[in-house]
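So you can see what is in the structure, the chains are spelled out below.
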Amino acid sequence: MPGEPLPGERIESLVDELEGIIEDAKPPFGKNAQFKVIETEVFFNILDEIRMSYPEEWQKSRRILRERDELISSATAQADSIVADAQQQALTIAGEQEIVRLAQQQAEDIRARADQYERDTRYAAEDYAEQVFTHLEENLKSLTGTVARCRQQLTESASGPGLTSGY
């Protein structure tokens, strides 16, 4: 479906936005760059958006798997239909032995091509689903790492001497 974002892209862009907020944050007066001041409301709003994106991403992944199964079923039905048509044609033409033999050979060739098409389609769909899940897993790992770093920075800055929490 052209134009539709890949699963995980929304979460990835939100994580990038969080990183940008942290990178653009200014250190408090008299502190080094290890400590930075960020707008917690903006930060938490982005985290909430990430949390709301999880169900959508999982739903997209499930839809891809459903589409893969439908594609495999359709390919199998098409292959069976092609074979049935070829066999029916072979029976109708079956006047001479050579014609029958050629028709059966053609039906087997069609069946072999249809079986190969079904296998290729299934493998391609499974590879695509694997890529989607790998991409989603990488995004989730990146997000978890970013959140852990942010939490650690917030904890370190909150526990520093002479700092107020800002709440």
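The preceding data block contains the structure.
Let me sum up the structure you'll find in this document.

Conventions used here
- Residues numbered from 1 in each chain as written.
- Predicted model: local features only at pLDDT ≥ 70, side-chain atom pairs only at ≥ 80, totals over all residues.
- Heavy atoms only, no water.
- 1 Å grid on protein atoms, 1.4 Å probe; cavity = no way out; pocket = protein on both sides within 12 Å on 5 of 7 lines; lining within 4 Å.
- Points joined across faces, edges and corners; volume = space filled by probe spheres on them.
- Helix = DSSP H or I, 4+ residues; strand = E, 2+ residues; numbered from the N terminus.
- Salt bridge = Lys/Arg side-chain N within 4 Å of Asp/Glu carboxyl O.
- Buried < 20%, exposed > 50% of the residue type's maximum accessible area, 1.4 Å probe, protein only.

### Observations concerning empty space enclosed by the protein
Turning to step 1, where the next piece is worked out: Applying the stated criterion across every chain yields a total of 1 cavity of 30 Å³ or more.
Turning to step 2, where the next piece is worked out: By volume, the largest cavity amounts to about 110 Å³.
Turning to step 3, where the next piece is worked out: As for the largest cavity, its lining consists of Ile-22, Gln-34, Phe-35, Lys-36, Ile-38, Cys-150, Gln-153, Leu-154, Glu-156 and Ser-157.
Turning to step 4, where the next piece is worked out: With 5 residues, the single largest contributor to the lining of the largest cavity is helix α3 (residues 97–159).

### Describing the pattern of salt bridges
Close approach of charged atoms allows side chains of opposite charge to pair.
Turning to step 1, where the next piece is worked out: Counted by the stated rule, this structure contains 7 salt bridges.
Turning to step 2, where the next piece is worked out: Between Glu-19 and Arg-149 there is a salt bridge, and its shortest N-O distance comes to 3.7 Å. Here Glu-19, found in helix α1 (residues 9–24), pairs with Arg-149, found in helix α3; they are 130 residues apart in sequence, far enough to count as distant.
Turning to step 3, where the next piece is worked out: The exposure class of Glu-19 is partly exposed, given its relative accessible area of 27%.
Turning to step 4, where the next piece is worked out: Given a relative accessible area of 45%, Arg-149 falls into the partly exposed group.
Turning to step 5, where the next piece is worked out: Between Asp-80 and Arg-111 there is a salt bridge, and its shortest N-O distance comes to 3.0 Å. Residue Asp-80 is found in helix α2 (residues 40–93), and its partner Arg-111 is found in helix α3; the two are separated by 31 residues along the sequence.

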